[in-house]
Amino acid sequence: MTSFDTEKAADLHRHLHSHLPSDPALRVKTLESLAVEKGLVASETIDAWVEAYSEQIGPKRGARVVARAWRDPDFRARLLDNAGDAIKEFGFEGSATGHLVAVENTDDTHNMVVCTLCSCYPFSILGMSPAWYKSSEYRARAVREPRKVLAEFGVDLPEDVAVRVWDSTAEVRYIVIPQRPEGADGWDEERLAAIVTRNAMIGTDRILKAEG
Amino acid sequence: MFRPDDPLAPRDSVFDEAWQAQVLAMADTMVRGGVFTATAWAETLGAELRRAEALGQPDTTQTYYEAALGALEALTTGTTDLTETDLSTRKAEWTRAYERTPHGQPVILDRGRD
């Protein structure tokens, strides 16, 4: 009995002092160490990916694409024709943008993007998707009641504006080209890009403001 | 439920915890490396998300990333010669390695091996 208690106490002591990671963190460490040993991934690649998507790659990339489409009619045409090819001139192509499709908002049409299956998203131009995009609530309701969802995002869509909901897949992903706001004439690409919000490129934001 | 972004709010960090980023990094790298297809990843992740929902898990990012981890484990053991036993053995080794490593020292897998 005594020895059992001593062992238990020693065990408890080890636990308290070990900073044992959470269960999912341990499972990830497990998977990564085995995947590296098997040559399925390189740890440098994983580290570089994590750094890039935590710090550098975000919706500013997509905003530049939108800004260029606003300023350059030829680029806009190329983007609408084959977005996956068009974004190559920025060097923004990635595994999630091979079959990228750009859909354009107009006075009478609003586009909105969802992935009803999981969370497919053009992350090499928009960065990691926001938490709500991955939620089962958004994935279900965006298709069922898009106007209601839009209203919750603060977008009150007039009845005469049609909503088109695009369901992303592993193969086809979307970026919404929002309408260029009035009052931004003569702005350069950088200044225009600064007013393009991430949500506008997913379609949960519609009216951009020419401020800044 | 959904709120417009507050432009004045501090920017959320992209990932709540490092392991979440590592899961997606591994999945994307394995898709690009041809270990499994993007479609297989989407379908497996979708199935894990539906399972979590059916089990009544909360609709949170934690649930999402745990589903992603489950999908990655399922695909890795399903498409490579890694087995579930490999995973459980290695996890036990890492657990022991952490428990046996004193404060401030790097955690080395060998410490967890008997």
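Asker: I'd like to hear about the overall build of chain A, residue by residue, with values.
Answerer: Across its full length, chain A carries twelve helices and four strands. Oriented by its inertia axes, the alpha-carbon framework of chain A measures out at about 80 × 35 × 35 Å. The long-range share in chain A, meaning contacts at least 24 apart out of those at least 6 apart in sequence, stands at 68%.

Asker: Provide a residue-level description of the overall build of chain B, including the pertinent values.
Answerer: Summing up its helical and strand segments, chain B has four helices and zero strands in all. Along chain B, helices (α) and strands (β) appear in the sequence α-α-α-α when read from the amino end. In summary, chain B has a C-alpha radius of gyration of 18 Å against a globular reference of 13 Å for 114 residues, an excess of more than 25%. If you line up chain B on its principal axes, its C-alpha atoms span 55 × 35 × 30 Å. Expressed as a percentage of its 114 residues, the buried residues of chain B come to 33%. A fraction of 36% describes how many contacts in chain B between residues 6 or more apart in sequence connect residues 24 or more apart.

Asker: Report on the nonpolar core, specifying residues and quantitative values.
Answerer: By size, the foremost hydrophobic cluster in this structure holds 78 residues, and its most contacted members are A:Val66, B:Val23, B:Met26, B:Ala27, B:Trp41, B:Ala68 and B:Leu72. Ranked by the residues each element gives to this core, the list is headed by helix α1 (residues 18-32) of chain B, at nine residues. In this structure B:Val23 touches A:Val28, B:Tyr65, B:Ala68, B:Leu69 and B:Leu72, once residues within four positions along its chain are discounted.

Asker: Before we move on, can you summarise the domain arrangement of chain B with the specific residues and values?
Answerer: For an interface, size is often stated in terms of accessible area lost upon the parts coming together. Per the domain assignment, the segments of chain B are domain 1 (17-82) and domain 2 (83-114). Relative placement of domain 1 of chain B and domain 2 of chain B: their C-alpha centres are 23 Å apart.

Asker: I'd like a description of the interface of chain B and chain A, backed by residues and values.
Answerer: On the side of chain A, 50 residues touch chain B, which itself brings 49 residues to the contact. Every element with two or more residues in the side of chain B that touches chain A is listed here: α1, α2 (38-54), α3 (61-79) and α4 (84-100) of chain B. Ranked by residue count, the leading element in the side of chain B that touches chain A is α1(B), at eleven residues. Tallied by class, the residues present in the side of chain B that touches chain A amount to 26 nonpolar, eleven polar and twelve charged.

Asker: Tell me about the environment of A:Asp108, residues and numbers included.
Answerer: All names here are of chain A. For Asp108, the location among the structural elements is in the loop between β1 (100-104) and β2 (109-114). Here Asp108 falls in the exposed class, since 9 other C-beta atoms lie within 10 Å of it. For Asp108 and Ala162, which are 54 residues apart along the polypeptide, the C-alpha to C-alpha distance reads 6.0 Å.

Asker: Go over helix α3 (residues 43-56) of chain A, please, and point to the residues and values.
Answerer: Three- or four-residue spacings in an α-helix give side chains the same orientation, since the helix completes a turn every 3.6 residues. In this model α3(A) runs 19 Å from its N-terminal to its C-terminal C-alpha over 14 residues, within 8% of the 20 Å that 1.5 Å per residue would give. Along α3(A), the residues that are buried comprise A:Ile46, A:Trp49 and A:Tyr53. Seen along its axis, α3(A) keeps its buried residues to an arc of 65°; they face one direction. Facing away from the buried side of α3(A) by over 90 degrees, the exposed positions are A:Ser43, A:Glu44, A:Glu55 and A:Gln56. Buried residues belonging to α3(A) abut α2 (23-37) of chain A together with α1 of chain B.

Asker: I'd like a description of helix α9 (residues 136-144) of chain A, backed by residues and values.
Answerer: All names here are of chain A. Every buried residue belonging to α9 is among Tyr138, Arg139 and Ala142, and all of these are buried. For α9, the angular spread of buried residues about the axis comes to 100°, placing them on one side. Looking at α9, the residues exposed on the side facing more than 90 degrees away from the buried face are Glu137 and Arg144. On its buried face, α9 sits against β2, α8 (131-134), α10 (146-152) and β3 (162-167).

Asker: Got a sec to walk through the domain arrangement of chain A? Specific residues and values, please.
Answerer: Domains assigned within chain A are domain 1 (2-55) and domain 2 (58-202). Centre-to-centre, using C-alpha coordinates, domain 1 of chain A lies 37 Å away from domain 2 of chain A.

Asker: Account for the packing of α2(B) against α3(B), naming residues and giving values.
Answerer: All names here are of chain B. The interhelical angle for the contact between α2 and α3, taken along N-to-C directions, is 130°, at an axis separation of 8 Å. By the angle between their axes, α2 is oblique relative to α3. Judged by the sense of rotation from one axis to the other, the crossing of α2 with α3 is right-handed. Judged by residue contacts, Ala40, Trp41, Thr44, Leu45, Glu48, Leu49 and Ala52 of α2 engage Thr63, Ala67, Ala68, Gly70, Ala71, Ala74 and Leu75 from α3. In terms of residue class, the contact of α2 with α3 is built from ten nonpolar, three polar and one charged.

Asker: An account of the confidence of the model for chain B is needed here, citing residue identities and associated values.
Answerer: Residue and element names in this part refer to chain B. Mean pLDDT for chain B: 91, with 90% of residues reaching 70 or above. Element-level mean pLDDT values for chain B span from 94 in α4 up to 97 in α3. Reported confidences for the modelled complex are a pTM of 0.89 and an ipTM of 0.92.

Asker: Run through the packing of α2(A) against α1(B), naming residues and quoting values.
Answerer: Contact pair α2(A) / α1(B): the axes reach a minimum separation of 9 Å and the direction vectors enclose 35°. Taken as a pair, α2(A) and α1(B) cross one another with a handedness that is left-handed. Only B:Trp19, B:Gln22, B:Val23 and B:Met26 of α1(B) make contact with α2(A), whose side of the interface consists of A:Pro24, A:Ala25, A:Val28, A:Leu31, A:Glu32 and A:Ala35. For the contact of α2(A) with α1(B), the class distribution of residues is eight nonpolar, one polar and one charged.

Rules used in this analysis
Starting from 1, residues in each chain are numbered consecutively following that chain's sequence as written. Labels are handed out in written order, letters beginning with A for the chains and numbers beginning with 1 for the ligands. Reporting of local features is limited, given that this is a predicted model, to residues whose pLDDT is at least 70; pairs of side-chain atoms are given and counted only at 80 or more, and all residues count toward the totals for whole chains, interfaces and linings. Strands are runs of DSSP state E lasting at least 2 residues, helices are runs of H or I lasting at least 4, and numbering of each runs from the N terminus. C-beta atoms are placed from the backbone for every residue, and two residues are taken to be in contact when these atoms lie within 7 Å. C-alpha atoms define the radius of gyration, and 2.2 Å times the number of residues to the power 0.38 defines the globule rule. Backbone-placed C-beta atoms define the burial measure: a residue is buried with 20 or more other C-beta atoms within 10 Å of its own, exposed with 12 or fewer, and partly exposed in between. The term nonpolar core refers to a set of buried Ala, Val, Leu, Ile, Met, Phe, Trp, Tyr and Cys residues connected through C-beta atoms within 7 Å. For each domain, the first and last residues come from an automatic or database assignment. Note that Gly is not counted as nonpolar here; it falls among the polar residues with everything else outside the nonpolar set of Ala, Val, Leu, Ile, Met, Phe, Trp, Tyr, Cys and Pro and the charged set of Asp, Glu, Lys and Arg. One less than the residue count of a helix, multiplied by 1.5 Å, gives the span that helix is expected to have. When we speak of the arc, we mean the arc of directions from the helix axis to the C-beta atoms. Each axis is a line fitted through C-alpha atoms, and for a helix only the stretch in contact is used; angles between axes span 0 to 180 degrees, taken between their N-to-C directions. Roughly parallel means an angle under 35 degrees; roughly antiparallel means over 145; roughly perpendicular covers 65 to 115; every other angle is labelled oblique. Crossings are sorted by hand: turned counterclockwise from the far helix by less than a right angle, the near helix makes the crossing left-handed, and turned clockwise it makes it right-handed. In predicted models, pLDDT denotes the confidence assigned by the predictor to each residue on a 0 to 100 scale.

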